[in-house]
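One letter stands for each residue in the lines below.
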Amino acid sequence: MLALLTPAFAVQPDEVMKDPALEARARALSTELRCLVCQNESIDDSTAQLARDLRLLVRERLAAGATDAEVKSFLVQRYGEFVLLKPAFSARTALLWAGPFLVLVGAGLMLWRGTRRQAEQFAVPTVAALTQEEQARLARRTGLTEP
């Protein structure tokens with residue numbers, strides 16, 4: 001049970017801003033920024049020292065009057081777009097956004113080609129119907145009467 005509550009303890013009491021509106025903005029921004037140490041969680045959830053430093057930096061910027069966009073822009077300039085949990089769509093991040101779709105389409109095409117090849121490999125060849133002459137010859141050889 002305590003393991004599930006650890007992200008709740010990430011923001012330390014000394015980090016909390018006195019102004020509830022600024023604190024709410026800081027928390028909202030913190031959920032959108034990636035912990036550069038953990039890499040799979042936001043700085044709001046991370047207990048890493050760098051995440052704490054980033055949370056304090058966000059709060060300092062907000063206290064100085066910066067907008068949310070300015071804070072994000074500052075952090076992106078300083079740490080790169082990797083600091084954003086949801087990077088903006090641009091030419092540089094197009095593959096990041098389109099990658100999963102391209103992998104899915106590629107897998108679908110490979111599966112379709114594989115099933116087509118397998119169907120061709122095991123297909124029963126079609127046989128043309130016997131002509132009347134062939135039927136007569138077959139009947140003579142087998143001893144059956146002609147149809």
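Look a little higher up for the structure.
Owing to the predicted nature of the structure, the values given are computational and were not obtained by experimental measurement.

Reading guide: rules and limits
Residues numbered from 1 in each chain as written. Predicted model: local features only at pLDDT ≥ 70, side-chain atom pairs only at ≥ 80, totals over all residues. Heavy atoms only, no water. Helix = DSSP H or I, 4+ residues; strand = E, 2+ residues; numbered from the N terminus. Buried < 20%, exposed > 50% of the residue type's maximum accessible area, 1.4 Å probe, protein only. Contact = heavy atoms within 4.5 Å. Axes fitted to C-alpha atoms, helices over the stretch in contact; angles between N-to-C directions. Parallel < 35°, antiparallel > 145°, perpendicular 65-115°, else oblique. Left-handed = near helix turned anticlockwise from the far one by under 90°. Nonpolar A, V, L, I, M, F, W, Y, C, P; charged D, E, K, R; others polar. Expected span 1.5 Å × (residues − 1). Salt bridge = Lys/Arg side-chain N within 4 Å of Asp/Glu carboxyl O.

Draft legend 1. Representation of the environment of Val37 within the structure. Structurally, Val37 is set in the loop between α2 (20–32) and α3 (49–63). The exposure class assigned to Val37 is exposed, which follows from its relative accessible area of 53%. When the C-alpha atoms of Val37 and Arg55 are compared, they prove to be 14 Å apart, with 18 residues separating the residues in sequence. If we skip the residues at most four places from it in the chain, Val37 touches Ala48 and Leu50.

Draft legend 2. Structural view of the packing of α2 against helix α4 (residues 68–79). With their axes 11 Å apart at the nearest point, α2 and α4 run at an angle of 40° to one another. When the axes of α2 and α4 are compared, the pair comes out oblique. In terms of crossing hand, the pair formed by α2 and α4 is right-handed. For the pair α2 and α4, contact is made by Arg25, Leu29 and Glu32 and by Asp68, Val71 and Lys72, respectively. Tallied by class, residues from the contact of α2 with α4 come to two nonpolar, no polar and four charged.

Draft legend 3. Quick look at α3. Over its 15 residues, α3 extends 21 Å from the first C-alpha to the last, a length consistent with the 21 Å expected when each residue adds 1.5 Å. Every buried residue of α3 is accounted for by Ala51, Arg52, Leu54, Arg55, Leu57, Val58, Arg59 and Leu62. Buried positions along α3 lie against α2 and α4. Downstream of α3 by a residue or two, Gly65 has a phi angle that is positive, lying close to 100°.

Draft legend 4. Seen up close, the pattern of salt bridges. Tallying each qualifying case throughout the model produces four salt bridges. With a closest N to O distance of 2.9 Å, Arg25 and Asp68 form a salt bridge. You can see Arg25 sitting in helix α2 and its partner Asp68 sitting in helix α4, a full 43 residues away along the chain. What makes Arg25 partly exposed here is its relative accessible area of 29%. For Asp68, a relative accessible area of 29% translates into the label partly exposed. One salt bridge connects Asp44 with Arg27, and the closest N-O pair in it is separated by 2.8 Å. Taken together, the positions of Asp44 in the loop between α2 and α3 and Arg27 in helix α2 put the pair 17 residues apart, joining distant regions of the chain.

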